[in-house]
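Here's the letter readout for the chains.
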Amino acid sequence: MTLKMVYSFTEGNAKMKALLGGKGANLAEMTRTGLPVPPGFTITTEACHAFFHSGNRITDDLLAQINLGLKQLESDKGQMFGDPSHPLLISVRSGSVTSMPGMMDTILNLGLNDETVEGLVALTHNDRFAYDCYRRLIQMFGSVVMGIEGFQFERLLTRMKKNLGIQQDQEVTAEGWQQLISEYKQCVKTHSGVEFPQNVHDQLKLAVEAVFKSWHNHRAQVYRKINRIPDEQGTAVNVQSMVFGNKGDDCGTGVVFTRNPSSGENVMFGEYLINAQGEDVVAGVRTPQTIETLKNILPEMYDQIEQVCKQLEQHYKDMQDIEFTVENGKLYVLQTRNGKRNAQAALKVAVDLVSEGVISREDALQRIEVSHLDQLLHRGIDESAVTDVIAVGLPASPGAAIGIVAFDADTAAEWNKAGKQVILVRSETTPEDIHGVLAAEGVLTSRGGMTSHAAVVARGMGKPCVCGCEGVRIDLQAKQMFAGDRIVEEGDWITLDGVSGRVIQGAVPLKEATVTDELLQILQWADEVRKLRVYANADNPEDAEIARGFGAEGIGLCRTEHMFFSPSRLAVMQRMIMADSLEERKIALDQLLPMQQFDFEGIFKAMDGLPVTVRLLDPPLHEFLPNLSELQSKLQSSDTDEEKVQLQQMIRKVNALHESNPMLGQRGCRLGIVYPEIYDMQIEAIFKAASACIDRGVSVHPEIMIPLVGDVSELKILRELVDEVAEQVLSADKKRECRYKVGTMIEVPRAALTARRIAAHADFFSFGTNDLTQMTYGYSRDDAEGKFLAHYLDKKLLPHNPFQVLDSEGVGQLIDLAVTAGRALKPTLKTGICGEHGGDKDSIAFCHQTGLDYVSCSPYRIPMARIAAAQAAIEHNNQVEKQAEKQAEKQVEAKAV
Ligand code: PEP
Ligand code: MG
């Protein structure tokens, strides 16, 4: 039996999206429910796969099925394709499974040629209209199918209007269009080397091929990458009989949303044009009217559209985006789909639909696209003030920033020290630029993608970033940046919008993040269904407070090394590292202790009543010292003996600490075992802070986390140290009750493999999936992202960047194994994740499935993580229910047998 690859609109329904694409499935559904949809048929996504498999060729089988579909359409319409006296005209449009608005191609008015256009003239008694349709076909066909640049046609159209002394397309006469038709045909011949096809069946075949091929065009590929749409999906093609909105003043075309897609308000929102065809609205040739004005012009039509909106929204239980055409006073619906909306509108529509009784709370939660919450939860741009967008790049890290341009990291750091707001602008960043990124309000790069170094680092630091902005060129020598014909000098103000990727000249006013009532409502519903707890990665009292404000239920990772990076503390840290003897080192540690204690007190207070997971020092010590080349150049320019001696000492130390591979070197617990006095100080600071807080009535729950354990013996020895120091501090002047936990990060594969033994000495496991991913794949993240990962992703060797989306197959297997083994020994073992994946929706779903207790992510990601955790729980329940249903069905079948 041959595969059915063509379905009439009367054969499908809304559930057949995977096969018919979103548009095809909805056209079929609307046809089924009796809405006025012009008849047509859908060529399936399976046909698209077959097309690609046979080397971009429409097979004879598919062609035969298309011709059958066409025959049926001819009989439905009582018109023949290519008939000079009664021509059937059709549109050919793409329709992917997941909506990709505007990403692929459409061709209207197929079926017109030199003969049939005369038939259309005779039928409609409207030569102006008929010739206009024909020239539109040549224009669309020429650019979409024959690959001729659109401006070639636009140029001819503009010249013709100029010669006729007119401005608007509607003023062009039939003769004007006829003249343009012959110029367009000549243009096609000149630029493609072949004539515009007069055979209408050739037109159709070529158009279908072009739409299939448009699946691979550049903008569609980029859209899929950003929206994580699988390349394998392919597109369906919809062939539909034409209706015309450009036949006269009782005709028109438009787009209407059933609710406002920017605010979510429950009022119709849309635009239309009288006497126009669909692409006029999109092309912006004429300014469309708002839908409310139709009330006065064609009141009956307005009422009908309102009725259709209500009907479709009720049917699909969601806000719809509807395309319509009015032909001689009759309304046709050409498309409906769930309307794209911004984050604020998405929340309002979801909450309103629940209160209107249309959907359940679970449905509302499932509808929230968590990645869009970034728009709400970061500082944004006051749109009314945006005037001067000079370039657009990739929206790599959300939020908006203003600052003066610095072209190198040192300048950025220096200006920041002097109290200036800086935007770091580089062609790309490397780990050497890290101090500049740290000092900057935001980062702009002209090269590199969403996983480039700049993007990853900025996201990690919660700073806005626009990267891969190819529209800007940087001249480092002249200290200038060029964007089109604009020049930005070092020190000029610019604004970055990390949500849209815009680079704006000047300082645009910013708006603070907004937590709306609707968001609070959705979050409350999320909290009711989720199983995972959501903790924050926070290293200071301010971040801890922000995190709590966003609903953090504790801190899952406090990276204590971040407490040593401010200039005054760094100097003490460096003295500690430079110390030649234990005594000397202890003097420096004694100075560091109150600094850490101060921060811990602030964090415990902010997290009163909630657990705070403090990780003991993790990075290799050389990270706190300046780099070698910097020291050497300072030495060369130094003119005091004392400074020279100091610099030489530091160079000796840097050389001594040098490692071939610091990621796998003396860091984490290895450091604490070789220099126990460092961990000793940190533990003392934690418990002194805890004691002080307890005395002030704060409820403190410290959880001490030992990093990078690979062998149980490492944890055992350090746990003893924690217990010993805790005992001493907590009972120093009086006995204090402080229930604390000691656990480990699982970042080394060996720790996961020997989890059962490790669990004997751990109260909790926290999966450090950044390092666990590095070590499981054997990739160093900086090198991978800087060198080969983008290539791997392009070649589809990996489905995602494993540093962003958890590799459930490999890294996930280790997590699952460790959780199972650990809990087998110790059922009360607490488990969570604190790598960057803790803020990623798909990774959160994995954590739910694996039964972890919590995820920990950066403060601004907490609302998103709460919703993602709820979505994971709902999805999981749905799967379980479906399985149970299947099981029950099988049992009934078995009984029947
Ligand atoms: C990790 O490795 O996942 C982790 C959280 O530690 P860091 O990113 O600080 O190495
Ligand atoms: Mg780590």
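Residues numbered from 1 in each chain as written. Chains lettered and ligands numbered in written order. Predicted model: local features only at pLDDT ≥ 70, side-chain atom pairs only at ≥ 80, totals over all residues. Heavy atoms only, no water.

- For the chain, an unreviewed UniProt entry supplies the name Pyruvate, phosphate dikinase and the organism Paenibacillus baekrokdamisoli.
- Per UniProt, the chain has the following entry under Catalytic activity (unreviewed entry): "pyruvate + phosphate + ATP = phosphoenolpyruvate + AMP + diphosphate + H(+)".
- The Cofactor (unreviewed entry) field of the UniProt record for the chain holds the comment "Mg(2+)". (UniProt positions renumbered as here; feature names shortened; annotations may be inferred.)

1. Re the sheet that holds strand E20 (residues 486-489)
Okay, so step 1: What the three strands build is an open sheet, ordered E18-E19-E20; its pairing is antiparallel. At either margin of the open sheet sits one strand with a lone partner, and together these are strand E18 (472-475) and E20. When the angles between neighbouring strand axes are averaged without regard to direction, this sheet yields 20°.
Okay, so step 2: Examined bridge by bridge, strand E19 (residues 480-483) and E20 share four bridges and lie antiparallel to one another. Residue pairing for E20: Gln-480 is matched across the bridge by Glu-489. (Pairing = 2+ DSSP bridges. Helix = DSSP H or I, 4+ residues; strand = E, 2+ residues; numbered from the N terminus. Axes fitted to C-alpha atoms, helices over the stretch in contact; angles between N-to-C directions.)

2. A few points about the site of ligand 1
Okay, so step 1: As a structural note, the neighbourhood of ligand 1 is formed by Leu-557, Arg-559, Arg-615, Asp-618, Met-745, Glu-747, Gly-768, Thr-769, Asn-770, Asp-771, Cys-834 and Gly-835.
Okay, so step 2: The backbone of Thr-769 places a nitrogen or oxygen atom 3.0 Å from an oxygen atom of ligand 1.
Okay, so step 3: In isolation ligand 1 exposes 290 Å². Once the protein is present, 87% of that is buried.
Okay, so step 4: Broken down by secondary-structure element, the contributors of at least two residues to the shell around ligand 1 are strand E25 (555-559) and helix H30 (769-777).
Okay, so step 5: When residues of the shell around ligand 1 are assigned to their parent elements, the largest contribution, three residues, is made by H30.
Okay, so step 6: Each residue belonging to the shell around ligand 1 can be placed in one class, and the counts come to three nonpolar, four polar and five charged. (Near = heavy atom within 4 Å. Polar contact = N/O pair within 3.5 Å; in protein donor to acceptor, adjacent residues only side chain to side chain. Areas by Shrake-Rupley, 256 points an atom, 1.4 Å probe, with all protein chains shown as cover. Nonpolar A, V, L, I, M, F, W, Y, C, P; charged D, E, K, R; others polar.)

3. Some points on helix H27 (residues 712-730)
Okay, so step 1: Here H27 is 19 residues long and its end C-alpha atoms lie 27 Å apart, about the 27 Å a rise of 1.5 Å per residue gives.
Okay, so step 2: Turning to H27, its buried residues are Val-712, Glu-714, Leu-715, Leu-718, Arg-719, Leu-721, Val-722, Val-725, Ala-726, Val-729 and Leu-730.
Okay, so step 3: Contact partners of the buried residues in H27: helix H25 (669-674), helix H26 (676-695), strand E27 (701-706), strand E28 (741-746) and helix H29 (755-759). (Expected span 1.5 Å × (residues − 1). Buried < 20%, exposed > 50% of the residue type's maximum accessible area, 1.4 Å probe, protein only. Contact = heavy atoms within 4.5 Å.)

4. Describing the sheet that holds strand E12 (residues 389-392)
Okay, so step 1: Read across the open sheet, the eight strands follow the order E12-E22-E21-E14-E15-E16-E17-E13; overall the sheet is mixed. A single partner strand is all that each edge strand has here, and the edge strands are E12 and strand E13 (394-397). Within the sheet, the average angular offset between the axes of one strand and its neighbour, ignoring direction, is 30°.

5. Details of the coordination of the magnesium ion (ligand 2)
Okay, so step 1: At the metal site, the magnesium ion (ligand 2) is ligated by Glu-747 (OE) and Asp-771 (OD), and these contacts range over 2.0 to 2.1 Å. A residue pair is termed long-range when its members are at least 10 positions apart, and Glu-747 in the loop between E28 and helix H28 (749-753) and Asp-771 in helix H30 qualify at 24 residues.
Okay, so step 2: The class for Asp-771 is buried, based on a relative accessible area of 9%. (Donors = N, O, S within 2.8 Å, 3.2 Å for Na, K, Ca; no water.)

6. Observations concerning the pattern of salt bridges
Okay, so step 1: Scanning all chains against the criterion turns up 52 salt bridges.
Okay, so step 2: The salt bridge partner of Asp-318 is Arg-367, with a shortest N-O separation of 3.4 Å. Linking Asp-318 in the loop between helix H12 (299-316) and strand E9 (320-327) with Arg-367 in helix H14 (residues 361-367), this pair joins segments that are 49 residues apart in sequence.
Okay, so step 3: Taking the relative accessible area as the measure of exposure, Asp-318 reaches 4% and is therefore buried.
Okay, so step 4: Residue Arg-367 is classed as partly exposed on the basis of its relative accessible area of 29%.
Okay, so step 5: Arg-781 is paired through a salt bridge with Glu-785; the nearest N and O atoms lie 3.2 Å apart. Taken together, the positions of Arg-781 and Glu-785, both in helix H31 (residues 781-794) and four residues apart, correspond to about one turn of that helix. (Salt bridge = Lys/Arg side-chain N within 4 Å of Asp/Glu carboxyl O.)

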